[in-house]
Amino acid sequence: MRAHNERLVLSLIRQRGPMAKADIARATGLSAQTVSVIMRALEEDGLLAKGDPVRGKVGQPLVPMHLNPEGAYFLGIKIGRRNEELVLIDFLGRVHGRVQRTHAYPRPEDTVRFAVDAIHKLTDPLEPEQKARIAGLGIAMPFEMWNWARLIGIEPAKMASWKNYDIKAELAAQVPYPVYMQNDASSACGAELVFGAQDAPRDFLYFYVGYFIGGGLVLNGTLYNGRSGNAGALGSMPVPGGQEPLQLIDVASLSGIEKRMEAAGLPTTGLWGDPELWSVEQDILDPWIKGAADGIAHAIAAAASIIDFELVMIDGWIPGAVRENLVKEVRRALIRINMAGITPPDVRPGTVGPSARSLGAACLPLSERFLVDGQAFLKQS
């Protein structure tokens, strides 16, 4: 664990980029001597590195310090209803390797085997010094996995074993570093917060379109999880539709595309591999985008009536072009909604992309061990 002031410096440089000691002292309110001691310790530990001196008109040249990419490494696994992905990232969040697999439904023992095998595949080629700098493994997965069986077309008995299976403990027993766990959609939001574009306001709403749509809530620059860890459960928001009440997951989830393709007799496994290799007919994709956009727009209007968001971000396990079209349709749908008394937020694409959930999983040990407010990133106990 790093001391609070060390975390503060690391968080500041992560957010703003390379900084000289004097700039850090001004930004944090710490004394120049304190900052100097902290920077020296972080450099000795390999977490910071010196940049090229910047010469001014007078005085000594300023030496900006930046995060050392090899200062730490993190593993993250996303456990999904149709696929799993494990990534290895460095201190900057750059992906050094990933392993994916698809399945009809997740089984806990299979998931543990996949994770252990994938970890060996990604870490065995590393040098001993690099292996020693792996700071932890994060798990991103839907909470109460067993309750989703019927919704994904599986007999409940086939997923009942998840109810009493402590996957965090099982993996912790098989890997030599700390293990952390978080809801998958909240983890995706966390990846946007840590690794995404740094021009986002301190309050924003985040949607992630996966097999089921979910999301996250950022307040005052921190991922807000709530009492049970399910704050920002946007998929459960009521939306208009037909004779029966609907939730957002009914109209804006990739399961809707899968069902349309199955009804047309088309194979669906391609949906869960690389999103950029999707092959979905336009007569299936276009009506899904319209219905999803209408649902997301109503969810935005409802959320904006409670919290005055400046920004809404939309990402997902979808091709970049589909994400752009979805965002455009959401903007159009918002115009059609009566939002009198509410200031409509800006809507734009997320900046992390399809792997936001696995990257968010890898963010869990990063946040817990190296950033300020690390506990705010984890499920409240």
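Attention in this report is confined to the structure presented alongside it. (Residues numbered from 1 in each chain as written. Predicted model: local features only at pLDDT ≥ 70, side-chain atom pairs only at ≥ 80, totals over all residues. Heavy atoms only, no water.)

## Remarks on the overall build of the protein chain
Spelled out, the test is: Numbered from the N terminus, helices here are DSSP runs of H or I no shorter than four residues, and strands are runs of E no shorter than two. With the radius of gyration taken over C-alpha atoms, the globule rule is written as 2.2 Å times the number of residues to the power 0.38. Think of it in three bands: residues with accessible area under 20% of the maximum for their type are buried, residues over 50% are exposed, and the middle band is partly exposed, with areas taken using a 1.4 Å probe on protein chains only. Areas reported as accessible are Shrake-Rupley estimates using a 1.4 Å probe. Residue values count occlusion only from the protein chains shown.
Assigned secondary structure in the protein chain consists of 13 helices and 14 strands. A compact globule built from 381 residues should have a C-alpha radius of gyration of about 21 Å, and the protein chain, at 22 Å, falls within 12% of that. Dimensions along the principal axes, computed over C-alpha positions, put the protein chain at roughly 70 × 50 × 40 Å. For the protein chain, buried positions account for 54% of its 381 residues. Carbon and sulfur atoms provide 50% of the accessible area of the protein chain, an area that totals close to 17,500 Å².

## Describing helix α8 (residues 184-195)
Note the following rule: Any helix carries an expected span of 1.5 Å times its number of residues minus one. Two N or O atoms count as a polar contact when they lie within 3.5 Å, although within protein this holds only if one can serve as hydrogen donor and the other as acceptor, and sequence-adjacent residues are included solely when both atoms are side-chain atoms.
In this model, α8 (twelve residues) spans 16 Å end to end at C-alpha, consistent with the 16 Å of a helix rising 1.5 Å per residue. Here α8 lies mainly inside the structure; ten of its twelve residues are buried. Sitting at the amino-terminal end of α8 is Asn-183, which places a side-chain oxygen 3.0 Å from the backbone nitrogen of Ala-185.

## Observations concerning the state of the cysteines
Quick note on the threshold: By convention in this document, the label disulfide applies to cysteine sulfur atom pairs within 2.5 Å.
Counted by the stated rule, this structure contains zero disulfides. With no disulfide partner, Cys-363 has as its closest neighbouring cysteine sulfur the one in Cys-189, 11 Å distant. Judged by relative accessible area, which is 1%, Cys-363 ranks as buried.

## Describing the pattern of salt bridges
The line we're drawing: Salt bridge, as used here: a side-chain nitrogen of Lys or Arg that lies within 4 Å of a carboxyl oxygen of Asp or Glu.
Enumeration according to the criterion identifies 14 salt bridges in this entry. Residues Arg-82 and Glu-258 are paired through a salt bridge, measuring 2.9 Å at the closest nitrogen-oxygen approach. Linking Arg-82 in the loop between β3 (73-79) and β4 (83-90) with Glu-258 in helix α10 (residues 254-263), this pair joins segments that are 176 residues apart in sequence. Note on Arg-82: relative accessible area 10%, which makes it buried. The closest approach of N and O atoms between Glu-129 and Arg-133, which form a salt bridge, is 2.7 Å. We classify Arg-133 as partly exposed; its relative accessible area is 22%. When salt bridges that share partners are traced, they join Arg-107, Asp-110 and Arg-113 into one network.

## Focus: the sheet that holds strand β6 (residues 134-141)
For the record, the criterion: Between any two strands, pairing holds if DSSP finds at least two bridges. The axes are straight lines fitted to the C-alpha atoms, using for helices just the contacting stretch, and the angles between their N-to-C directions are given from 0 to 180°. In what follows, residue pairs with any heavy atoms lying within 4.5 Å of each other are defined as contacts.
An order of β5-β4-β3-β6-β7 is seen for the five strands of this open sheet, with the pairing classed as mixed. Both edges of this open sheet fall to β5 (95-102) and β7 (179-183), since each of them pairs with a single strand only. With direction set aside, neighbouring strand axes in the sheet form an average angle of 15°. Sheet analysis places β6 next to β7, joined by five bridges and oriented parallel. Among the inter-strand pairings, Gly-138 is bridged to a residue of β7, identified as Tyr-180. Helix α13 (residues 356-370) rests against β3, β4, β5, β6 and β7 of the sheet, and its axis sits at about 135° to β3.

## Looking at the sheet that holds strand β14 (residues 346-349)
With mixed pairing, the five strands of this open sheet are ordered in space as β10-β9-β8-β13-β14. Both outer strands of the open sheet, β10 (222-223) and β14, are each paired with one neighbouring strand and no more. On top of the sheet, helix α11 (residues 282-304) reaches β8 (204-209), β13 (311-316) and β14; it is set at about 155° to β8, its chief contact.

## Quick word on the packing of helix α1 (residues 4-16) against helix α3 (residues 32-44)
The cut-off we apply is this: The cut-offs work like this: below 35 degrees is roughly parallel, past 145 is roughly antiparallel, 65 to 115 is roughly perpendicular, and the gaps in between are oblique. Throughout this entry, Asp, Glu, Lys and Arg are counted as charged residues, while Ala, Val, Leu, Ile, Met, Phe, Trp, Tyr, Cys and Pro are counted as nonpolar. The remaining residues, Gly among them, count as polar.
The interhelical angle for the contact between α1 and α3, taken along N-to-C directions, is 75°, at an axis separation of 10 Å. On the basis of their axis angle, the class for α1 and α3 is roughly perpendicular. The segment α1 lies against α3, with Asn-5, Glu-6, Val-9, Leu-10 and Ile-13 engaging Ile-38, Met-39, Ala-41 and Leu-42. Here the residues of the contact of α1 with α3 are counted per class, giving seven nonpolar, one polar and one charged.

## Considering the packing of aromatic side chains
Rules: The rule is short: rings of Phe, Tyr and Trp, with Trp giving its six-membered ring, pair when the centres are within 6.5 Å, and they are stacked under 30 degrees, edge-to-face over 60, tilted in between. Any Lys NZ or Arg CZ that is within 6 Å of a ring centre and within 35 degrees of that ring's normal is treated as a charge sitting over the ring.
In total, this model carries seven aromatic pairs according to the counting rule given. Measuring from ring centre to ring centre gives 6.4 Å for Trp-162 and Tyr-165, while their planes differ by 70°; the resulting arrangement is edge-to-face. One exposure class covers both Trp-162 and Tyr-165, and it is buried. Directly above the aromatic system of Phe-91 lies the positively charged group of Arg-14, at a separation of 5.0 Å from the ring centroid. Its guanidinium or amino end placed over the ring of Trp-148, Arg-81 lies 4.6 Å from that ring's centre, counting from NZ or CZ.

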